[in-house]
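# Commentary on secondary and tertiary structure
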Amino acid sequence: MLNILNLIDDAKCYEMVRQLRWPEGVRCAHCGHFWVKKRGFHNNSKYRQRYYCHVCERQFDDLTHTVFAGHHQPLRVWMLCLYLMGLNLSNQQIAAELNLNKDNVQQMTSQLREGVVVKKTVLLEGEVEFDEVYVIAGHKGNPTAVKAKKRKGRRNRLKGSRGRGTLAKEKPPILGMIQRNGEVVIKMLPNVQQATIKPIIEAVVKVGAEVFTDEYNIYNRLSEWGYHHKTVNHSVGEYARDEDGDGFHEVHTNTIEGFWSLLRSWLRPHRGVSQEKFPLYLGFFEFIHNVRKRGKALLPSLISILVAP
Ligand SMILES: [Zn+2]
């Protein structure tokens, strides 16, 4: 039977990693200096180049300090796994495509998602839209779905926790912040409270940005936090408003609402993601959305971020 892994060779995978990791030439994985020399190959892989650094006098190799280091799987397995993740296959589908055990694949994809998520940092400015949605994600892997917001009048929600999602209820809220014509940041929240969102917003959105939200009260203090806050009043049927009178309806949250439908489709193949793992799925899609690449064009971006210092 055809095994796709046999069609890909490790030598080329190492070559690709070296190019993406060190576009300006090999530098020390420990101290960053360029004064290094080759020193044979790794014991377990004849293509994994080893180096010696004259500055810190230590050794390293092509994979040192990356998520690909220290695993028994050949590099080509990691590369194919990452490529299939970029095509949005589920763990089960990847296991089937690569003739691997599902638990192994789960472990690999978790590490890869985590590697992408911890490396990326995004800062938003200019015109930014905020919104929240609720997902169904249990602690033990119940079916997962991003729920469309069903808000029967905003006033209900302002009274108390009734109908609102929290982590404990297995319906965690997700806060989305998207810069118009720019990048997006999505975060799973333990609850929807001002004290919860304030540090998240401050870390992601530059002070002075123009922020568009609906009239939900968690956004009430955005002006106080240093943002130019504009609200669109969904509860009275308003979806976009021309506030400065230039004929352009700039007060809206259509960009983030469009993003939610992309996220919803992206999450569809991944049934039963637990709450603990869910932020990794969000972070991975956030990265993919922000690099604006798909298919084989996406793979170099994924490898680059994973091998970046
Ligand atoms: Zn060094």
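Now for a look at the structure at hand. Here the residue numbering is sequential within each chain, running from 1 through the sequence in written order. Local features in a predicted model are, by the rule used here, given only for residues with pLDDT of at least 70; side-chain atom pairs are given and counted only at 80 or more, and totals for whole chains, interfaces and linings are based on all residues.

## Section: the overall build of the protein chain
Only DSSP runs of H or I with at least four residues qualify as helices, and only runs of E with at least two residues qualify as strands; both kinds are numbered from the N terminus onward. When you go through the protein chain residue by residue, the secondary structure sums to 9 helices and 9 strands. Counting the 309 residues in the protein chain, one finds 32% classified as buried. We call two residues in contact if the C-beta atoms placed from their backbones are at most 7 Å apart. Contacts in the protein chain between residues at least 24 apart in sequence constitute 59% of all its contacts with a sequence separation of at least 6. Think of it as a crowd count around each C-beta: if 20 or more other C-beta atoms lie within 10 Å the residue is buried, if 12 or fewer it is exposed, and in between it is partly exposed, with C-beta placed from the backbone throughout.

## Regarding the sheet that holds strand E2 (residues 49-53)
Only when DSSP finds a minimum of two bridges between them are two strands counted as paired. A sheet is described by the order of its strands in space; here 3 strands give the open sequence E1-E2-E3, paired in antiparallel fashion. Strands at the two margins of the open sheet, each flanked by one partner only, are strand E1 (36-41) and strand E3 (59-61). Pairwise comparison of adjacent strand axes, ignoring direction, gives a mean angle of 35° for this sheet. Taken together, the 3 bridges between E2 and E3 define a ladder with antiparallel strand orientation. Within E3, the position partnered with Tyr51 by the bridge is Phe60. Angles shown run from 0 to 180 degrees and are taken between the N-to-C directions of axes, each axis being a line fitted to C-alpha atoms and, for helices, limited to the stretch in contact.

## Side note on the pairing of strand E6 (residues 173-179)
Within E6, 7 of the 7 residues are buried, which leaves it mostly tucked inside the rest of the structure. Burial of the side chains of E6 extends over both faces: Pro173, Leu175, Met177 and Gln179 are buried on one face and Ile174, Gly176 and Ile178 on the other. Examined bridge by bridge, strand E4 (residues 127-136) and E6 share 7 bridges and lie antiparallel to one another. Its bridge partner being in E6, Tyr134 is matched across the sheet by Pro173.

## Digging into unusual backbone geometry
Phi is positive for Asn88, close to 65°, though the residue is something other than glycine. As for its placement among the helices and strands, Asn88 is situated in the loop between helix H2 (75-86) and helix H3 (91-98). For Asn88, a count of 17 C-beta atoms within 10 Å puts it in the partly exposed group. At Arg292, a position not held by glycine, the phi torsion is positive, near 55°. Of note, Arg292 is situated in the loop between helix H8 (278-291) and helix H9 (298-307).

## Remarks on the packing of helix H4 (residues 102-119) against H9
As a packed pair, H4 and H9 sit with axes 9 Å apart at the nearest point and diverge in direction by 70°. In terms of their interaxial angle, H4 and H9 are classed as roughly perpendicular. Of the residues in H9, those in contact with Gly115, Val116 and Lys119 of H4 are Leu302, Ile305 and Leu306. When residues are grouped by polarity, Ala, Val, Leu, Ile, Met, Phe, Trp, Tyr, Cys and Pro land in nonpolar, Asp, Glu, Lys and Arg in charged, and all others, Gly among them, in polar. Of the residues that constitute the contact of H4 with H9, the class distribution is 4 nonpolar, 1 polar and 1 charged. Should an angle fall under 35 degrees it is taken as roughly parallel, and over 145 as roughly antiparallel, whereas 65 to 115 is taken as roughly perpendicular and any remaining angle as oblique.

## Observations regarding the pairing of E2
By the bridge criterion, 4 bridges tie E1 to E2 in an arrangement that is antiparallel. By the bridge assignment, Lys38 is partnered in E2 with Tyr51.

## Structural notes on the nonpolar core
Among buried residues, those of type Ala, Val, Leu, Ile, Met, Phe, Trp, Tyr and Cys that are joined through C-beta atoms within 7 Å form a set called a nonpolar core. Trp78, Cys81, Leu82, Val128 and Met177 are the most contacted members of the largest nonpolar core, which has 66 residues in total. With 9 residues, the single largest contributor to this core is H2. Start and end points for every domain follow an automatic or database-based domain assignment. Split by domain, the residues of this core number at least three in each of domain 1 (4-119) and domain 2 (127-284). Ignoring anything within four residues of it in the chain, the contact list for Met177 reads Leu124, Val128, Phe130, Val184, Val185, Val204 and Val205.

## Focus on the packing of H4 against H8
At their nearest, the axes of H4 and H8 sit 9 Å apart, and the two run at 60° to each other. Classified by the interaxial angle, the pair formed by H4 and H8 is oblique. The crossing of H4 and H8 is left-handed. Seen from H4, the contacting residues are Ser110, Arg113, Glu114, Val116 and Val117; seen from H8, they are Leu280, Tyr281, Gly283, Phe284 and Phe287. A breakdown of the residues in the contact of H4 with H8 according to their chemical character gives 6 nonpolar, 2 polar and 2 charged. Two helices cross in a left-handed way if the nearer one is turned anticlockwise from the farther one by less than a right angle. They cross in a right-handed way if the turn is clockwise.

## Observations regarding the environment of Glu276
Secondary-structure assignment places Glu276 in the loop between helix H7 (254-267) and H8. Under the C-beta neighbour-count criterion, Glu276 is labelled exposed, with 11 such atoms within 10 Å. Taking the C-alpha atoms as reference, Glu276 lies 8.9 Å from Ala137; in sequence the two are 139 residues apart.

## Points about the environment of His54
Locating His54 in the fold gives a position in the loop between E2 and E3. Owing to 11 C-beta atoms within 10 Å, His54 belongs among the exposed residues under this scheme. Sequence spacing of His54 and Trp35 is 19 residues, and the spatial spacing of their C-alpha atoms is 5.9 Å. Not counting chain neighbours up to four residues away, the residues in contact with His54 comprise Trp35 and Val36.

## Details of H7
A helix is expected to span 1.5 Å multiplied by its residue count minus one. For H7, spanning 14 residues, the distance from its first C-alpha to its last is 20 Å, which sits close to the expected 20 Å at 1.5 Å a residue. Those residues of H7 lying buried are Ile256, Phe259, Trp260, Leu263 and Leu267. Along the axis of H7, the buried positions cluster into a sector of 110°, meaning they face one direction only. Opposite the buried face of H7, by more than 90 degrees, sit the exposed residues Gly258, Ser261 and Ser265. Think of it as the arc spanned by the lines of direction from the helix axis to the C-beta atoms.

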